[in-house]
Amino acid sequence: MNVITEKYIEVLRKFKEIGYEARSFHEFCPRKSHLLIRHDVDVSIEHAHKIATIENEFGWTSVYFILLSSPFYNTLDPQNVKRLREMVAMGHEVAVHLEIEANVNLQQKAENEAKILQNITDQKVKLISFHRPSANAAEFNFEDYRFNGFHHTYEKRFFHDIGYISDSRGAWHYGRPLDHQSVKNGTALQFLTHPIWWTSNEGEQTPRDKLQIFRQDLDIQLLEQMKLNFDVGWDL
């Protein structure tokens, strides 16, 4: 296990030491030490699978929100299908990370993407998280939005009635996890991370460095696929 991933496990370990337990969004008590662990999978199902495996070994489960419109991965790639099925077999939940688009019926879009994930995992999709909600806040009141048949992670009971922590852009927002007021009070907390920040193999780096390493890895994989699919006399 690399240094960065060990830091993630250390955070979970400290939560456990002070009495927190992992709970799903469907079964928690706001007044108890319940941790709702959420991962928005923006750039790599492979990286998400690594975190899912580590959490499984730790004895905790969480929910992974898959961005079907991601420009960085193909959810239907056979390797990613295999990874998602393995994550569900570990006890994790797989859900929809929904891109907000203007003039699009979000209910229909959520239903369509949920069907795709359900066909892959045989697990019913019950949750939605919005991709980059703050970037779209001026055009879309995501906190008040409601779906038929799904809950989303910015509903009041998940976002305002309990604590909220996020590592968006590779830094802790709303305070460091163990310093959060909800943790001091021993009450529930939604804990959002993005696997890309916790799975680098190169030790300590800035978020930009981690993304550069990911891009280099992606370039290698892309070239391998090009060589497999196009016999054009590669000399690279």
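These figures come from a predicted structure and were not determined experimentally.

S.K.: Which residues make up the pattern of salt bridges, and what are the values?
M.R.: Enumeration over the complete set of coordinates arrives at eight salt bridges. Among the ionic pairs, Glu86 bridges to Lys82, the shortest N-O distance being 2.7 Å. Highlighted residues: Glu86 and Lys82, both in helix H3 (residues 78-89), separated by four residues, approximately one helical turn. Across the salt bridge formed by Asp161 and Lys156, the nearest N and O atoms sit 2.8 Å from each other. Residues participating in the shared-partner salt-bridge network are Glu6, Glu10 and Arg13.

S.K.: An account of the nonpolar core is requested, with residue identities and associated values reported.
M.R.: One finds Phe15 and Phe191 to be the most contacted residues of the largest nonpolar core, which totals 55 residues. Per-element tally for this core: the top contributor is helix H2 (residues 45-58), with six residues. Contacts of Phe191, omitting those with residues within four sequence positions, involve Tyr8, Val11, Leu12, Phe15, Leu35, Leu36, Ile37, Arg38, Ile165, Trp172 and Pro177. Counting residues in hydrophobic clusters, the runner-up holds 10 residues, among them Phe25, Phe28, Phe158 and Ile162.

S.K.: Would you mind going over H3 in detail, with residue names and values included?
M.R.: For H3, spanning 12 residues, the distance from its first C-alpha to its last is 17 Å, which sits close to the expected 16 Å at 1.5 Å a residue. Where H3 is buried, its residues meet H2, strand S3 (63-66), strand S4 (93-99) and helix H4 (106-121). Backbone nitrogen of Gln79 and a side-chain oxygen of the N-cap are separated by 2.9 Å at the start of H3; the cap is Asp77.

The rules we used
Residues numbered from 1 in each chain as written. Predicted model: local features only at pLDDT ≥ 70, side-chain atom pairs only at ≥ 80, totals over all residues. Heavy atoms only, no water. Salt bridge = Lys/Arg side-chain N within 4 Å of Asp/Glu carboxyl O. Helix = DSSP H or I, 4+ residues; strand = E, 2+ residues; numbered from the N terminus. Core = buried A, V, L, I, M, F, W, Y, C linked by side-chain atoms within 4.5 Å. Buried < 20%, exposed > 50% of the residue type's maximum accessible area, 1.4 Å probe, protein only. Contact = heavy atoms within 4.5 Å. Expected span 1.5 Å × (residues − 1). Polar contact = N/O pair within 3.5 Å; in protein donor to acceptor, adjacent residues only side chain to side chain.

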